[in-house]
Amino acid sequence: GRVNATVTWKSPASAASTPVTAYWLRGYSYRNADDKKPAVVTYKVGPETTSSRISLMKQVTTANAKKPAFYTFTVTPINDAGDGATGSTQIKAQLK
């Protein structure tokens, strides 16, 4: 199955000489808090975009799990100088 989320962000303040040319949008799908190798999806979206839907693999957690599945989303602005600072949001949710 899949999990869908809408990720929204604000454009960073940038000098006129280095405007944002695109964003990297990444979603990480963890089986539990000990998962060191999450499933990852990466999208590149245009500079005018400040909200995007992302689809991830649904991680299955057993009903008695002490460490439920969770998802992390990051947005990284890109300009002619390279990638900027990454912002992230972590969502921990047990799926039924």
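Residues numbered from 1 in each chain as written. Predicted model: local features only at pLDDT ≥ 70, side-chain atom pairs only at ≥ 80, totals over all residues. Heavy atoms only, no water.

K.L.:
So what's going on with the overall build of the protein? Residues and values would help.
P.N.:
In terms of helices and strands, the protein carries zero helices and seven strands. The N-to-C order of helical and strand elements in the protein reads β-β-β-β-β-β-β. For the protein, long-range pairs separated by at least 24 residues make up 61% of all intrachain contacts whose partners lie at least 6 apart in sequence. For the protein, the accessible surface area stands at approximately 6,200 Å², while carbon and sulfur atoms represent 52% of it. (Helix = DSSP H or I, 4+ residues; strand = E, 2+ residues; numbered from the N terminus. Contact = heavy atoms within 4.5 Å. Areas by Shrake-Rupley, 256 points an atom, 1.4 Å probe, with all protein chains shown as cover.)

K.L.:
Summarise the pattern of salt bridges; cite the residues concerned and give the values.
P.N.:
Counting across every chain of the model gives one salt bridge. One salt bridge connects Asp35 with Arg31, and the closest N-O pair in it is separated by 3.5 Å. (Salt bridge = Lys/Arg side-chain N within 4 Å of Asp/Glu carboxyl O.)

K.L.:
Describe in detail the pairing of strand E1 (residues 2-8), supporting the description with residues and values.
P.N.:
Of the two faces of E1, only one is covered, namely that formed by Val3, Ala5 and Val7; the face formed by Arg2, Asn4, Thr6 and Thr8 stays uncovered. Inspection of the sheet shows E1 paired to strand E4 (residues 51-57) by seven bridges, in the antiparallel sense. Note on E4: the bridge partner recorded for Asn4 is Ser55. (Buried < 20%, exposed > 50% of the residue type's maximum accessible area, 1.4 Å probe, protein only. Pairing = 2+ DSSP bridges.)

K.L.:
Residues and numbers for the environment of Tyr23, please.
P.N.:
Note on placement: Tyr23 falls in strand E2 (residues 22-30). Under the relative-accessibility criterion, Tyr23 is labelled buried at 1%. Remark: the alpha-carbon pair of Tyr23 and Gly84, spanning 61 residues in sequence, is separated by 9.3 Å. In this structure the side chain of Tyr23 is engaged in a polar contact, spanning 3.3 Å, whose partner is the side chain of Ser11. (Polar contact = N/O pair within 3.5 Å; in protein donor to acceptor, adjacent residues only side chain to side chain.)

K.L.:
Can you tell me about the side chain of Ser29, naming the residues and giving the values?
P.N.:
Secondary-structure assignment places Ser29 in strand E2. The class of Ser29 is buried, set by a relative accessible area of 0%. When sequence neighbours within four positions are dropped, the list of residues in contact with Ser29 reads Asp35, Pro38, Ala39, Leu56, Met57, Gln59, Phe70 and Tyr71.

K.L.:
Outline the nonpolar core, supporting the account with residue identities and numerical values.
P.N.:
By size, the foremost hydrophobic cluster in this structure holds 14 residues, and its most contacted members are Val7, Trp9 and Phe73. For this core, the secondary-structure elements that each account for two or more residues are E1, E2, E4 and strand E5 (70-79). (Core = buried A, V, L, I, M, F, W, Y, C linked by side-chain atoms within 4.5 Å.)

K.L.:
Can you lay out the environment of Leu25 for me, pointing to particular residues and giving the numbers?
P.N.:
With respect to the secondary-structure elements, Leu25 resides in strand E2. Placed 52 residues apart in sequence, Leu25 and Pro77 show a C-alpha to C-alpha distance of 8.9 Å. Leu25 has contacts with Val7, Trp9, Val41, Thr42, Tyr43, Ser52, Ile54, Thr74 and Val75, leaving out every residue within four places of it along the chain.

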